[in-house]
Every structure is written in structure tokens, then in C-alpha cells.
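Secondary and tertiary structure notes
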There are 2 protein chains.
Amino acid sequence: MLIKIKWILFVTVFFMMGISEQADPLPSWNNTNTKRNIINYVENAVNEKSPYYIPEEDRIATFDNDGTLVPEKPLIQILFSIEKVKEMAESDKSLLEKQPFKAIVTGDNEYLKTANEDEVISLTLKTLTNISERQLREEVKDFVFKTTYPHLNKTIDKIVYKPQIELIKYLQKNKFKVYICSGGTVDFMRGMSKELYGIDSENVIGSSNKYSYNEATGEMILEPELNSYNDGREKAANIALIIGKAPVISVGNVGAGGDIYMLRYSQNGNKNYKTLQVLINHDDDKREFKYGEKNNISLNWADKYKWNVVSMKNDWKEIF
Amino acid sequence: MLIKIKWILFVTVFFMMGISEQADPLPSWNNTNTKRNIINYVENAVNEKSPYYIPEEDRIATFDNDGTLVPEKPLIQILFSIEKVKEMAESDKSLLEKQPFKAIVTGDNEYLKTANEDEVISLTLKTLTNISERQLREEVKDFVFKTTYPHLNKTIDKIVYKPQIELIKYLQKNKFKVYICSGGTVDFMRGMSKELYGIDSENVIGSSNKYSYNEATGEMILEPELNSYNDGREKAANIALIIGKAPVISVGNVGAGGDIYMLRYSQNGNKNYKTLQVLINHDDDKREFKYGEKNNISLNWADKYKWNVVSMKNDWKEIF
């Protein structure tokens, strides 16, 4: 009799574990409308009997990086560029007399706080050239595991948003091809995308320098010329150029308005499927940062086009 | 007894079918060294016990298109552009006075025979603008099934090289990600890649116009500005930019020398794996066309770097 009860208990617990696992693919998300919308969308997309079914080949999802998967105050790539500038200054002291190098090496915090992606790109072109993309990626991989992110006192690999990693894994499990589509440079992103997000290099789209192929060594060298600045409208255009499909799911954030065209393209570039847009709103100054946008365009479009706005404060149980 | 013999026969035949299918994934290839090298390479790549094993995520293969998967005398995209020019001339008669439009509309065969990919690109920029990539792809899809290819008297969908389709399917079955990497434009290639080769749009790399996103309609419009001419060194660079990995297998052809850097990059851009280069040589004037290169550079590099040269005449049992 005791054995029988044990067995019933065991089977019940086992069954409940199964249920709860199935019922909650996003445990770090609070049980709000946003979470229900996402799960409902995915369950329909993979259900052949649903009117909102999407064949596997068209299950494309694109995620912005800075402010969407990790904090962006400051941008991680700015931190990396600063390290590179310091290295450069060690071997070429004359750089210390020039801006923006001087400000960087002397630790000008104002620059750090206000630098936006335009400046990252400009700085990248100045600092990350005549290096091979392979070497750069190795340096970035090393950098993210050893560098402490300011204000949060954690190394960079520990400041990835946990709810977003759950979302990426949930989508991948449901046969979505998940892409990063970042204003940061593509080689920089590839140095961290596999380790931090589980995303392969061929699923990373970013800003880019021109590459030149050195056929003597087999290396791809970054030239000091911008190939593409993957932001705003160009983000949408690059998705079309590289993927050739409008994503059915697109995720960005409030901050500089750089993701609105990507989200909108996933919405009106798709003629055959129901789509899902998610916009992360940074409203949690206790656990992360609180900021908006000057002209409020991202939230205005979210309202106008009925996107899902994630309140980090209310929708996320845990952040890191 | 009779039943028993029937059973033995049945089982034997069934078993042999299984064997032969397993033993010959490339039935349109003759049983030559080239075929044995390819199969041997793939069998090692997927065998975890082999020193030449390659993990799934790094099984990347890139194929050129014109002259590698289909004939290129003339280029299919030139045929399409000619149709477009004729359409344009119908609504704008003044074009008939301008070159190259005049030569095209009057059916100048010399132009057809000698046009190379540079001219395709130039013509593309003149003819394929202010159209959405979606509309262009639909037109191409229609075009390849209804247009007869000169000299061969078959519609374009029927002049795909059968041995290459077998090779693509064989690689895909063995979990290689197979990419097209063409000098032709990316939208043009996407109009035929799925139907003719079984390759999805996100696995197509090509030359490209700049795109602009029209957020009112959701369309991506082709602008009259070249984004990239995917040939020579730039072909290798675009693979690095878009895939972020050097392919372990790369397949091109003798003709204009446009694939040599792609093949070489797959060879010396890879530090961790054994790689495979395949170069198609057009030496069969009975079944297809016979031509070489002015400076013979592709075959010279093939010899120098030990690439596999496919003699269409001797290595391919069937071509179409």
C-alpha cells in the first residue's frame, strides 16, 4: 500500500513537472498579457490546424542587441573600443594629443554616458582596422568574460537579460531561425553571439567595415571604410538583403528609435502571416536603468501599430 | 518452398536497393576519382570517429551559380534583362535610340554571346530599379518556367545540371548548409533558388542593388545604385561578411576566373578542418558547351592548390 502511494506520488509529481515545464517556457517573465501574447503567438505559429500557422522555412525572428539583449548604458562596444584606443596609445603616444582619443584615455565619463551608436561606428572605423575579423572575434570573446560592466558590477557575460535568453531558446525550440540584427559591428557581435546567446555567426547581421581578402594568409582584413551602418531604415533593408524574408517576429527597444523600421518591416513586409512585434521599455531604475527617447517615437509607433511593449519593471520577474 | 524463395529474393532485392542507394548518392556522376573524392570527403566529415570530422555548425558549402549549376552561354540574367528592356522600350520609344538598349531590342546576337557578368550588373542597374524585390522575384519565377534557353531548346527550369542537384541534396542530407554565391543579383537568384535548387532565400548571396524600405507599403525597393558586385575577391569577402565562416566546401567553374578567390578562401580561410574545392570544367561541346579562359587562371590555381577539376565530359554521366 505504501509502495502504491509512493508510486502515485512519484507519477503525479513527474506529471506535474512535465506540465509546468510545458506551461512555462518563459519562467523569468511575469504572468502578464505580454507573456501570454508571445506564447499564444508561438503556439499558433507551430500548430498546423491554426489559421495562424507558419511553415518552418518562414519562421524568422530578428532581435536587436544593445538595450534588447544586454544593457546599453554604456554600449559594450564602446567599452571595447576604449580598451583598443588605450592599447593603440601605448604604442603611439601622439594619439594622446588627439580627440577623441585623448578624452578616452583620460577616462572622460561624459563621453561614456552620452556616446551613441553613430559614435561607436566612427570610433570603430578608427580603431578596428587592419585587423582580421578572426582575430577581432577572439579578442571580443576574451573581453566579454573578463570585463566588468560599469554600474552593475558584473562581468559582461553576466548582464545578458535572462528573460530574452529564454525567449530565444523557446523560439529556436519551435524551429524559428533567430537572428541578431545590431547597430554594433558584425564581427564584434560574432565574438559574443554564440557564447552569450547561442546564435551562430551566419545568423548575425550588424554594421560592417569593408572586408578585404588576403589570399596569401587566408585572412579577412577590416578596411577603414564603412560598408553598412545597420540602423533605422538600413536595418530593415539589410534584413531583406541578407535573409530575403521579412521576419515574422521582431524585437527591439526604446532608446534611440533605431529599431522602429525593423519592427514595422516585420509587420507590413509580411503579406501572408500574422506577425509579432516586441519593444523593450527601460523603466526599471532599481534593477537596470530608466530612460526614454527625446521624441518618444518608438513608444508612439508601438501605440499606433499595436506592438507589445515590455515593461522591464512589470513584465520581467528577473532581469539578469 | 516457392514462397520461401520468393521471400529470400524479395529480401535480397530490398537489401540491395538499400545498399545501392547508400552506395550511390550521386547516380548522374561517373565512377571516377572526382566522385570518389567527394563521397570520401563527406563520409569523413560526418563521421565523429574520423580525424576529418566536422561539427554540424561548421558544415558550410558555397556554390557559384552561372556555369556551376546552370549553363552560362548566355547568362540567364542577361536573357531576363533583355526581356525587361523590351518591355521598357514598349512604353518609352526613345530608348530604342540609345545603346545598349538599341542593340538589345534589335536582337544583336554578338552582344548576347559576349556579355559577361560586368555587363549584367550594368544592365541590371539600368533595368531593374524602382521595382520591389518581391515583385522582381515573382517575375523571375515566372520567367524561368516559360522561357526557352537558346541552343539547348529547353525551358530554363530544365537546364539545371542534374549531377549538381544530386550533390546539393547529398550535402543537405548530411547537414551541410548549402549556399548559392553568385555574380548574378541576389533578388534574381532568389526568384529561382528554391524551385530549381531547393535552396532558401537566406542561403543566397549575390550581387545587389541598394535597397530602400518604403514604410508606407512595406516594400523593399531596388535603387539604381550598386551595393556589391559579388565576384572575385568580393565573393570571398561577402561570404565572410554574411556567413562569418569560411566554407569547408566550395564549388565554382572555369570561365571568367570569378570563383578562384572563393575556392581559395574556403581552403586557407579554414584553419581547423580539411576542405574540398571543386571546379567545373566546360569541356563537353556535344552535350553542353566547350570553353576555357584567356589566361587559364582557374585551371592553373586548381593545379597549384590541388582542387578537384570536374570534366563535364568524363565525370558526368548525365548533364540535364
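Look a little higher up for the structure.
In this numbering scheme, every chain counts its residues from 1 along its sequence in written order. Written order decides the labels, with chains lettered from A and ligands numbered from 1. Where local features are concerned, this predicted model is filtered to residues with pLDDT of at least 70; where side-chain atom pairs are given and counted, the filter is 80 or more; whole-chain, interface and lining totals use all residues. Side-chain metrics in this entry use all non-hydrogen atoms of the structure; hydrogen atoms and water are not considered.

Only DSSP runs of H or I with at least four residues qualify as helices, and only runs of E with at least two residues qualify as strands; both kinds are numbered from the N terminus onward. Check the secondary structure of chain A and you find 13 helices and nine strands. Note on contacts: a residue pair qualifies if any of its non-hydrogen atoms lie within 4.5 Å across the two residues. Here the contacts in chain A between residues at least 6 apart in sequence split such that 71% fall between residues at least 24 apart. Throughout, the Shrake-Rupley method with a 1.4 Å probe supplies accessible areas, and for residues the shown protein chains are the sole cover considered. Looking at chain A as shown, the accessible area adds up to about 14,700 Å², and 52% of this sits on carbon and sulfur atoms.

Another aspect to go through is the pattern of salt bridges. Oppositely charged side chains may form a pair once their charged atoms are brought near each other. Salt bridges are counted wherever a side-chain nitrogen of Lys or Arg sits within 4 Å of a carboxyl oxygen of Asp or Glu. Within this structure, the stated rule accounts for 34 salt bridges over all chains. Across the salt bridge formed by Lys194(B) and Glu57(A), the nearest N and O atoms sit 3.3 Å from each other. One end of the pair, Lys194(B), is in helix α9 (residues 186-197); the other, Glu57(A), is in the loop between α2 (33-45) and β1 (60-63), on a second chain. Assessed through its relative accessible area of 33%, Lys194(B) is described here as partly exposed. Measuring nitrogen to oxygen at the nearest pair gives 2.9 Å for the salt bridge that ties Asp24(B) to Lys35(B). Highlighted residues: Asp24(B) in the loop between α1 (2-23) and α2 (33-45) and Lys35(B) in helix α2, separated in sequence by 11 residues. Categorising residues by exposure relies on relative accessible area from a 1.4 Å probe, with only protein chains included: less than 20% of the type maximum marks a residue as buried, more than 50% marks it as exposed, and the intermediate range marks it as partly exposed.

Turning our attention to the sheet that holds strand β7 (residues 249-253) of chain A. Residues and elements named next belong to chain A. We call two strands paired when DSSP finds no fewer than two bridges between them. What the seven strands build is an open sheet, ordered β6-β5-β4-β1-β7-β8-β9; its pairing is mixed. Each having just a single partner strand, β6 (219-228) and β9 (308-311) make up the two edges of the open sheet. Taken over all neighbouring pairs, the strand axes of this sheet differ in orientation by 35° on average, direction set aside. When strand β4 (residues 177-185) meets strand β5 (residues 204-214), the two strands line up parallel, connected through three bridges. From the neighbouring strand, Thr185 faces β5, where its bridge partner is Ser207. Each axis is a line fitted through C-alpha atoms, taken for helices only over the stretch in contact, and angles between the N-to-C directions span 0 to 180 degrees. Helix α8 (residues 162-173) contacts β1, β4, β7 and β8 (276-281) of the sheet and is inclined by roughly 165° relative to β1.

Moving on, we get to empty space enclosed by the protein. Think of a 1 Å grid over the protein atoms and nothing else: a 1.4 Å probe that fits but is trapped marks a cavity, an open set flanked by protein within 12 Å on at least five of seven lines marks a pocket, and residues with an atom within 4 Å of a point count as lining. Grid points are joined across faces, edges and corners, and a volume is the space filled by probe spheres set on the points. One pass over the structure, following the stated rule, counts four cavities of 30 Å³ or more. Approximately 70 Å³ is the volume found for the largest cavity. If you go around the largest cavity, the residues you meet are Lys177(A), Tyr179(A), Glu202(A), Asn203(A), Ile242(A), Lys177(B), Tyr179(B), Glu202(B), Asn203(B) and Ile242(B). Mapped onto the lining of the largest cavity, the elements with two or more residues apiece are β4 of chain A together with β4 (177-185) of chain B. Put simply, Ala, Val, Leu, Ile, Met, Phe, Trp, Tyr, Cys and Pro go in the nonpolar bin, Asp, Glu, Lys and Arg in the charged bin, and everything else, Gly too, in the polar bin. Residue composition of the lining of the largest cavity, by class: four nonpolar, two polar and four charged.

Residues and elements named next belong to chain B. To estimate the expected span of a helix, count its residues, drop one, and scale the result by 1.5 Å. The first and last C-alpha atoms of helix α8 (residues 162-173) sit 17 Å apart over 12 residues, in line with the 16 Å expected at 1.5 Å per residue. Within α8, the full set of buried residues consists of Pro163, Gln164, Ile165, Glu166, Leu167, Ile168, Tyr170 and Leu171. Of the residues trailing α8, Lys175 is marked for its positive phi of about 65°.

As a further point, take the relation of the copies chain B and chain A. To line up the copies, we fit them by least squares on C-alpha atoms, keeping just the residues with pLDDT of at least 70 in both. Placing chain B over chain A gives an RMSD of 0.0 Å and needs a rotation angle of 180°, together with 0.0 Å of translation along the axis. What the superposition gives is, in effect, a two-fold axis relating one chain to the other. Taking C-alpha positions as reference, the residue of chain B nearest the rotation axis is Ile242(B), located at 3.5 Å. Both copies share a contact surface, since 100% of the interface residues of chain B are interface residues in chain A too.

Working definition: a ring pair exists when centres of Phe, Tyr or Trp rings (six-membered ring for Trp) sit within 6.5 Å. Plane angles under 30 degrees give stacked, over 60 give edge-to-face, the rest tilted. In this structure the tally under the stated criterion is 22 aromatic pairs over all chains. Ring geometry for Tyr265(A) against Tyr213(B): centres 5.4 Å apart, planes inclined by 70°, an arrangement best described as edge-to-face. Residue Tyr265(A) is found in helix α11 (residues 260-268), and its partner Tyr213(B) is found in strand β5 (residues 204-214); the two belong to separate chains. Tyr213(B) shares its class with Tyr265(A); the two are buried. Every member of this aromatic cluster is reached through a ring pair, and the members are Tyr213(A), Tyr261(B), Tyr265(B), Trp301(B), Tyr305(B) and Trp307(B). Whether a charge sits over a ring comes down to the Lys NZ or Arg CZ being within 6 Å of the ring centre and within 35 degrees of the ring normal. The ring of Tyr305(A) has Arg264(A) sitting right over it, with the charged end atom 3.6 Å from the ring centre.

With that settled, consider the interface of chain B and chain A. Contacts between chain B and chain A engage 40 residues on the former and 40 residues on the latter. What gets called buried area is simply the loss in accessible area from a 1.4 Å probe that two parts show on being joined, summed for both. Together chain B and chain A conceal approximately 3,400 Å² of surface at their shared face, both sides included; 45% is due to carbon and sulfur atoms. When the buried area of chain B at its contact with chain A is split by residue, Glu202(B), Tyr213(B) and Leu241(B) rank highest and sum to 21% of it. Any N or O atom pair separated by 3.5 Å or less is treated as a polar contact, with the protein-specific requirement of one donor-capable and one acceptor-capable atom, and with residues adjacent in sequence counted only for side-chain atom pairs. If you look at where chain B meets chain A, you find 32 residue pairs in polar contact (both at pLDDT 80 or more). At the level of secondary structure, the elements contributing two or more residues to the side of chain B that touches chain A comprise α7 (133-146), β4, α9, β5, β6 (219-228), α10 (233-242) and α11 (260-268) of chain B. When its residues are assigned to classes, the side of chain B that touches chain A shows 16 nonpolar, 10 polar and 14 charged.

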